[in-house]
Amino acid sequence: MDRKTKRLLLLVVSCSLAGVVLGGTTSWAESNSCLQANTVTSECLTKDPITKTIEGMGTGLVAGAAAAFGVAWQHRHED
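Since the structure is predicted, the reported quantities are computational estimates derived from the model, not experimental observations. (Residues numbered from 1 in each chain as written. Predicted model: local features only at pLDDT ≥ 70, side-chain atom pairs only at ≥ 80, totals over all residues. Heavy atoms only, no water.)

What about the pattern of salt bridges?
For step 1, the next point in the chain: For the structure on display, the rule yields one salt bridge.
For step 2, the next point in the chain: The salt bridge involving Glu55 is made with Lys47; its shortest N-O contact spans 3.2 Å.
For step 3, the next point in the chain: Its relative accessible area of 41% is what places Glu55 among the partly exposed residues.
For step 4, the next point in the chain: Classification of Lys47 as partly exposed rests on a relative accessible area of 29%. (Salt bridge = Lys/Arg side-chain N within 4 Å of Asp/Glu carboxyl O. Buried < 20%, exposed > 50% of the residue type's maximum accessible area, 1.4 Å probe, protein only.)

Shown next, in the form of structure tokens:
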């Protein structure tokens, strides 16, 4: 594996990991605030907080990987 490929892989992995952490944290905080609201919605009561957190982590993973590829694509075209 050449140096550019390793750098791209490291960028994708680090951005994806950051996305997983941020997405999971945001979803977890949202589900907690949903349960503590003055008027609790039916979606808040029926959706499992763990499931919402995992969905947020998945969304963060995809968003982080897409951001990394976008940065790499832009950097490639600037050279």
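With respect to the UniProt feature "signal peptide" (unreviewed entry) in the protein chain
For step 1, the next point in the chain: Here, UniProt's "signal peptide" (unreviewed entry) annotation points to residues 1–23.
For step 2, the next point in the chain: Here residues 1–23 is 91% helix and 0% strand, with 31 Å between the C-alpha atoms at its ends. (UniProt positions renumbered as here; feature names shortened; annotations may be inferred. Helix = DSSP H or I, 4+ residues; strand = E, 2+ residues; numbered from the N terminus.)

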